[in-house]
Amino acid sequence: MNLTFAGAAGTVTGSCFHLEAGGQRIIIDCGMFQGPPELEARNLVPFPFDPKKVDWLVLTHGHLDHLGLVPRLFREGFRGQGICTLPTRDIAHVMLMDAARIQEEEGEAALYTAADALASLDLFRTQVEYGQELALGEGVRARFHDAGHILGAAFVEIEAEGKTIVFSGDLGNRGKPLVEDPAYPPKADIVVLESTYGDREHPPLEQSVNELRDVIVDTLAGGGNVVIPSFALERTQEVLYLLFWMWREHRIPACPIYLDSPLATQATRIFERHTERFPAPARRLFRKKGDPFDFELLEYTLTRAASKRISTESGAIIIAGSGMCTGGRVLYHLRDNLPRPESAVVFVGYQAIGTLGRAIADGTPRVEVLGSIVPVRAAIHKIEGLSAHADLPILTDWVLHADPRAVFLVHGEPPAFASLAERLASRGCPARVAGWHETVTL
Ligand SMILES: [Zn+2]
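Residues numbered from 1 in each chain as written. Predicted model: local features only at pLDDT ≥ 70, side-chain atom pairs only at ≥ 80, totals over all residues. Heavy atoms only, no water.

Chemist: Can you walk me through the coordination of the zinc ion in this structure?
Modeler: Any two of four tetrahedral donors ideally make an angle of 109.5 degrees at the metal, while pairs among six octahedral donors ideally make 90 or 180 degrees. Coordination of the zinc ion by the protein involves His-61 (NE2), His-63 (ND1), His-149 (NE2) and Asp-170 (OD), with metal-donor separations of 2.2 Å. Considering all four donor atoms around the zinc ion, the spread of angles at the metal, 92 to 163°, places the coordination shape in the irregular class. Expressed as a motif, the donor residue spacing for the zinc ion is H-x1-H-x85-H-x20-D. Pair noted here: His-61 is in the loop between β4 (56-58) and α2 (64-67) and Asp-170 is in the loop between β10 (163-167) and β11 (190-194), with a separation of 109 residues, a long-range link. Exposure class is identical for His-61 and Asp-170. Each is buried. (Donors = N, O, S within 2.8 Å, 3.2 Å for Na, K, Ca; no water. Tetrahedral: all angles 85-135°; square planar, octahedral: opposite > 155°, others 65-115°. Helix = DSSP H or I, 4+ residues; strand = E, 2+ residues; numbered from the N terminus. Buried < 20%, exposed > 50% of the residue type's maximum accessible area, 1.4 Å probe, protein only.)

Chemist: Even after reading the chapter, I still don't get the pattern of salt bridges, so can you show me in this structure?
Modeler: A side chain with one charge may pair with a side chain of the opposite charge, provided their charged atoms come close. Counted according to the given criterion, the structure contains 25 salt bridges. Of the charged contacts, one joins Arg-335 and Asp-336 as a salt bridge, the two residues approaching to 3.1 Å between their closest N and O atoms. In this structure, Arg-340 and Glu-342 form a salt bridge, with 3.0 Å as the shortest nitrogen-oxygen distance. What emerges from the salt-bridge pattern is a single network uniting Glu-133, Arg-141, Arg-143, Glu-157 and Glu-159. (Salt bridge = Lys/Arg side-chain N within 4 Å of Asp/Glu carboxyl O.)

Chemist: Would you explain the packing of helix α6 (residues 205-221) against helix α7 (residues 235-248) in this entry?
Modeler: Packed helices, taken two at a time, are described by their axes: the angle between them and the distance between them. Two numbers describe how α6 lies on α7: the axes approach to 11 Å, and their chain directions differ by 70°. It follows from the interaxial angle that α6 and α7 lie roughly perpendicular. Crossing of α6 against α7: the hand is right-handed. Contacts between α6 and α7 involve Val-209, Leu-212, Arg-213 and Ile-216 on the former and, on the latter, Leu-242, Leu-243, Trp-245 and Met-246. Class assignment of the residues belonging to the contact of α6 with α7 gives a composition of seven nonpolar, no polar and one charged. (Axes fitted to C-alpha atoms, helices over the stretch in contact; angles between N-to-C directions. Parallel < 35°, antiparallel > 145°, perpendicular 65-115°, else oblique. Left-handed = near helix turned anticlockwise from the far one by under 90°. Contact = heavy atoms within 4.5 Å. Nonpolar A, V, L, I, M, F, W, Y, C, P; charged D, E, K, R; others polar.)

Chemist: How should I be thinking about the sheet that holds β10 in this particular structure?
Modeler: Across a sheet, strands are paired by hydrogen bonds formed along the backbone, either parallel or antiparallel in direction. Taken in spatial order, the seven strands of this open sheet run β7-β8-β9-β10-β11-β20-β21, and their pairing is mixed. With partners counted over all chains shown, the strands left at the sheet margins are β7 (133-135) and β21 (431-433), one partner each. In this sheet, neighbouring strand axes are inclined to one another by 20° on average, regardless of whether the strands run parallel or antiparallel. In this structure, β11 lies alongside strand β20 (residues 406-410), joined through five bridges in parallel fashion. Within the sheet, the bridge partner assigned to Val-191 lies in β20 and is Val-407. Of the strands in this sheet, β9 (154-160), β10, β11 and β20 touch helix α13 (residues 392-402), which is tilted by about 165° from β11. Sheet strands touched by helix α14 (residues 414-426): β11, β20 and β21. Its angle to β20, the strand with the most contacts, is close to 165°. (Pairing = 2+ DSSP bridges.)

Chemist: How do you make sense of the environment of Pro-177 when you look at a structure like this?
Modeler: Its location among the elements puts Pro-177 in the loop between β10 and β11. With a relative accessible area of 11%, Pro-177 lands in the buried category.

Chemist: Just checking my understanding: could you explain the state of the cysteines for this structure?
Modeler: Each disulfide consists of a covalent bond between the sulfur atoms of two cysteine residues. For the structure shown, the criterion picks out zero disulfides. Left unpaired, Cys-84 is separated from the closest cysteine sulfur, that of Cys-30, by 14 Å. Among the cysteines around Cys-325, which has no disulfide bond, Cys-255 carries the closest sulfur, lying 20 Å off. (Disulfide = S-S within 2.5 Å.)

Chemist: Please explain the pairing of strand β1 (residues 2-7) as it appears in this structure.
Modeler: Each regular strand carries side chains that alternate between the two faces of the sheet. Across the six residues of β1, five count as buried, placing the element largely inside the fold. Pairing analysis gives three bridges linking β1 to strand β22 (residues 439-441), with the strands arranged antiparallel. In the strand pairing of β22, Asn-2 is matched with Thr-441. Of the strand pairs in this sheet, β1 and strand β2 (residues 16-21) are connected by five bridges, and their pairing is antiparallel. Looking at β2, one finds that Phe-5 is bridged to Phe-17.

Chemist: Honestly, the nonpolar core in this entry has me stumped. Any pointers?
Modeler: A general tendency of soluble globular proteins is for nonpolar side chains to be buried together. In this structure, Leu-193 and Ile-257 are the most contacted members of the largest nonpolar core, which totals 97 residues. Per-element accounting of this core gives the leading share, eight residues, to α7. Taken together, domain 1 (2-200 + 388-441) and domain 2 (205-382) each give at least three residues to this core, which thus spans both. Ignoring anything within four residues of it in the chain, the contact list for Leu-193 reads Ser-168, Leu-171, Leu-395, Trp-398, Val-399, Val-407, Phe-408, Leu-409, Val-410, Leu-420 and Leu-424. Listed in part, the 33 residues of the second largest apolar core include Phe-17, Leu-19, Ile-26 and Ile-158. (Core = buried A, V, L, I, M, F, W, Y, C linked by side-chain atoms within 4.5 Å. Domains from an automatic or database assignment.)

Chemist: Please explain the side chain of His-411 as it appears in this structure.
Modeler: By secondary structure assignment, the location of His-411 is in the loop between β20 and α14. Given the relative accessible area of 2%, His-411 is considered buried. Of note is the side chain of His-411, whose polar atom sits 3.1 Å from the side chain of Asp-170. Beyond its immediate sequence surroundings of up to four residues, His-411 is in contact with Ala-8, Thr-11, Val-12, Ser-15, Asp-65, His-66, Asp-170, Glu-194, Ser-195, Thr-196, His-389 and Phe-417. (Polar contact = N/O pair within 3.5 Å; in protein donor to acceptor, adjacent residues only side chain to side chain.)

Chemist: Can you help me understand the domain arrangement of the protein chain in this one?
Modeler: By a widespread convention, an interface's size corresponds to the accessible area lost as its parts come together. Partitioning the protein chain into structural domains gives domain 1 (2-200 + 388-441) and domain 2 (205-382). On a C-alpha basis, the centroid separation for the pair domain 1 and domain 2 is 28 Å. With 25 residues of domain 1 in contact, the opposing surface of domain 2 contributes 23 residues. Buried surface at the junction of domain 1 and domain 2, summed over both partners, amounts to about 2400 Å²; 67% is from carbon and sulfur atoms. Of all residues in domain 1, Leu-151, Pro-177 and Leu-178 bury the most surface against domain 2, accounting for 31% of the area lost on that side. Note that Asp-90 and Arg-273 form a salt bridge whose closest N and O atoms lie 3.4 Å from each other. (Buried area = accessible area lost by both parts, 1.4 Å probe.)

Take a look at the structure:
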């Protein structure tokens, strides 16, 4: 059994693992590298396997750093079968068509076209439910489990050649409103473990909700706007859910709330189709209090003209992408609101090194936005308890349940790897950091 780390090795993005087992060639995720240019250059590096020979593509979830290179894989000859959950299939459609549109704008440097993206989506003929067992050829079995990360996200257990290997995908935080807590893994020989927050402990959700409430109340009282750079998937829907709940509970005043992201708007429509998958309290809120994705304060700004108009407002909450401020409509909301001391920018998600979001979150006094140098006078807040990723205690508890003989750490930055490896070593569980394009025989 050979395992090759084609991405997310030594870095957070680009998740892609190639497993050769029981005569089958299986890829787990095929994500895009995102961040500084030297990292994004890896999107052009040949895969360390032949896409034409791959039999199966297993997708853990719909984030771009887990599926963004699927159309490139198709373009280079992959014609095997794609497997994922039903919500992930819906999300993949929206995410890949958006990625293809951005790629096409790159012109010569495009990795793929919208036609490649559409054709690659056709390969996802098999949708699975959590717990369902699937045969991947003779003697290889796969089972998806609830990763509690975003709608439809899974971690995957693969059994072959008498061994069990678990790919964590991205594991969720506990106590989140719109996803269940991550399920525990079965006993496994090997675990490939994400490490995003391997050096952090998240505050409880309740504390984060209170922080968000305080920022909103103070900023609206001072006549400023609250700008929330947000990831289109899950985080945006979660923020809408919390805003709706706080307003219904009279914890924040009524104010205009703009969802200013075409991608997040499309993602929200998918959530509305899968409300039966939400945890019980969220299902109850929908039944008794109304729809957090469609209420009187909330406006989806669909056109660019409508979007530009809201930047000149005061006393509004503006949710816009991209989540790390690397593009999208949030840029002009930042340009217009960063110089205003009465406004606030609230980061509710991970900010990778090298991104504009990280620079602002780290307290840089002046930043470049859309070609101008902008002074940062707005209040900057980081709210960490809304994270969609497990923290150090959850990752440790989770992986110890599998009682593995080997753990490969992926999907993280060096301080997170070091902290997680040290914690696991202290609990008698050896773990090491996977190398990019490294192949191990298991
Ligand atoms: Zn993810």
